[in-house]
Amino acid sequence: MNNEQQATNADIDVSNFSRHLNGRNAPIWWGIIGLILIELSVVSAFTVTYLYLYMQHPQWPPNDIELPPLLIPTWSMILMLLSCVTMYLAGKSVEKSQPKGFVIYTFASVFMALLVLWIRWGQFDNFSMSWNEHVYGSLLWTISGFHFIHIVSAAIGTAAIGFFGVAGFYTKQRQIGVVVDTMYWNFVALAWLPFYFVLYYFPRF
């Protein structure tokens, strides 16, 4: 056995390693950052595509299509932003060893996400064009559907986090799951801001 094989087979002392890494020391923290960056590129691509087409057409939406209503999307945006606050409070509850508060704030966030999904589903029924009618309809349906699916995934993941919280799984030392879930939740909520402005505000100018 040569020296290289001996080095490979040598025992590695991991006694100083911790099972409960938090923040940037945890590989999953960087994994979520990578996932957010990938999905941020998709959000940027949709936004830039919409703005490009908006600037290329003197009339937008084209063909005298009725503008989408503003009030209901505004309410859904407010709910998403409020859910960021409750997710923040849920994380703080873990840090303060307050499991009851964590469960309440986590499921409050999920409840607001479900309200947003219910509102969005109603919007789909009220769109005045199909997805394949023209480029405006395609973008409206694609962006709305894209964000809808992300809310569904965030709500399912956060509900799972909440049930783990009910079981008392999370502690101040064991909270990386809460941290990365909150990061993704905030991304999903804030990703709606550029979509909200390009879909519902820009066509009014």
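Look up a bit, the structure's there.
All of the points below concern the structure found in this document. Note that the structure is a prediction, hence the values are computed from the model and not measured.

## Here's the deal with the packing of aromatic side chains
One pair of aromatic rings is described through two measures. These are the centre distance and the angle between the planes.
Reasoning step 1: According to the stated counting rule, one finds 24 aromatic pairs in the structure shown.
Reasoning step 2: Between Trp29 and Trp30, the ring centres sit 4.8 Å apart and the planes meet at 80°, which makes this aromatic pair edge-to-face.
Reasoning step 3: Residue classification places Trp29 among the buried positions, given a relative accessible area of 14%.
Reasoning step 4: Note on Phe127 and Trp141: the rings are 5.1 Å apart at their centroids and 90° apart in plane angle, and the pair reads as edge-to-face.

## Details of the packing of helix α2 (residues 27-56) against helix α5 (residues 135-166)
Reasoning step 1: Taken N-terminus to C-terminus, the directions of α2 and α5 make an angle of 160°; their axes are 11 Å apart at the nearest point. As judged from the angle between their axes, α2 and α5 are roughly antiparallel. Here α2 runs over α5; the crossing is left-handed. Seen from α2, the contacting residues are Glu39, Val42, Val43, Phe46, Thr49, Tyr50 and Leu53; seen from α5, they are Val135, Tyr136, Leu139, Thr142, Ile143, Phe146 and His150.
Reasoning step 2: Split by residue class, the contact of α2 with α5 holds 10 nonpolar, three polar and one charged.

## Side note on the side chain of Asp181
Reasoning step 1: Take Asp181: it is sitting in helix α6 (residues 176-201).
Reasoning step 2: We note that Asp181 is buried and unpaired, the nearest opposite charge coming from Arg174 at a distance of 15 Å.
Reasoning step 3: Here Thr158 takes part through its side chain, which lies 2.9 Å from a polar atom of the side chain of Asp181.

## Brief notes about the environment of Phe202
Reasoning step 1: Along the chain, Phe202 turns up in the segment after α6.
Reasoning step 2: Phe202 sits in the partly exposed class, given a relative accessible area of 29%.
Reasoning step 3: For the pair Phe202 and Trp60, spaced 142 residues apart in sequence, the C-alpha to C-alpha distance is 9.0 Å.
Reasoning step 4: When near neighbours in sequence (up to four residues on either side) are disregarded, Phe202 contacts Leu51, Tyr54 and Phe197.

## Some words on the side chain of His150
Reasoning step 1: If you trace the backbone, His150 turns up in helix α5.
Reasoning step 2: A residue is classified by how much of its surface remains accessible, and His150, at 11% relative accessible area, is buried.
Reasoning step 3: Look past the residues within four positions of His150 in its chain and what remains in contact with it is Glu39, Tyr184 and Val188.

Conventions we followed
- Sequence positions are assigned chain by chain, starting from 1 and proceeding in written order.
- Local features in this predicted model are restricted to residues whose pLDDT is 70 or higher, and side-chain atom pairs enter the listing and the counts only when it is 80 or higher, whereas totals over whole chains, interfaces and linings include all residues.
- Calculation of side-chain values draws on the structure's entire complement of heavy atoms; hydrogens and water are dropped beforehand.
- Pairing of aromatic rings covers Phe, Tyr and the six-membered ring of Trp, with a centre-to-centre limit of 6.5 Å; geometry is then stacked below 30 degrees between planes, edge-to-face above 60, and tilted otherwise.
- Throughout this description, buried means an accessible area under 20% of the type-specific maximum (1.4 Å probe, protein chains only), exposed means over 50%, and partly exposed covers the range between.
- Axis lines are fitted through C-alpha atoms, for helices just across the contact stretch, and the angle between N-to-C directions can take any value from 0 to 180 degrees.
- By definition, any uninterrupted DSSP run of H or I lasting at least four residues is a helix, any uninterrupted run of E lasting at least two residues is a strand, and each is numbered from the N terminus.
- Orientation is classified from the angle alone, with under 35 degrees giving roughly parallel, over 145 giving roughly antiparallel, 65 to 115 giving roughly perpendicular, and any other angle giving oblique.
- In this scheme the handedness of a crossing depends on how the near helix is turned from the far one: anticlockwise by less than a right angle means left-handed, clockwise means right-handed.
- Between two residues, a contact is recorded if the distance between any of their heavy atoms is within 4.5 Å.
- All residues other than Ala, Val, Leu, Ile, Met, Phe, Trp, Tyr, Cys, Pro, Asp, Glu, Lys and Arg, Gly among them, are scored as polar; the first ten of these are nonpolar and the last four charged.
- When charges are counted, neither His nor the chain ends are considered; positive counts come from Lys and Arg and negative counts from Asp and Glu.
- Any carboxyl oxygen of Asp or Glu that lies within 4 Å of a side-chain nitrogen of Lys or Arg is treated as forming a salt bridge with it.
- By the criterion applied in these results, polar contacts are pairs of N or O atoms within 3.5 Å in which, for protein atoms, one can donate a hydrogen and the other can accept it, and in which residues neighboring in sequence qualify only through two side-chain atoms.

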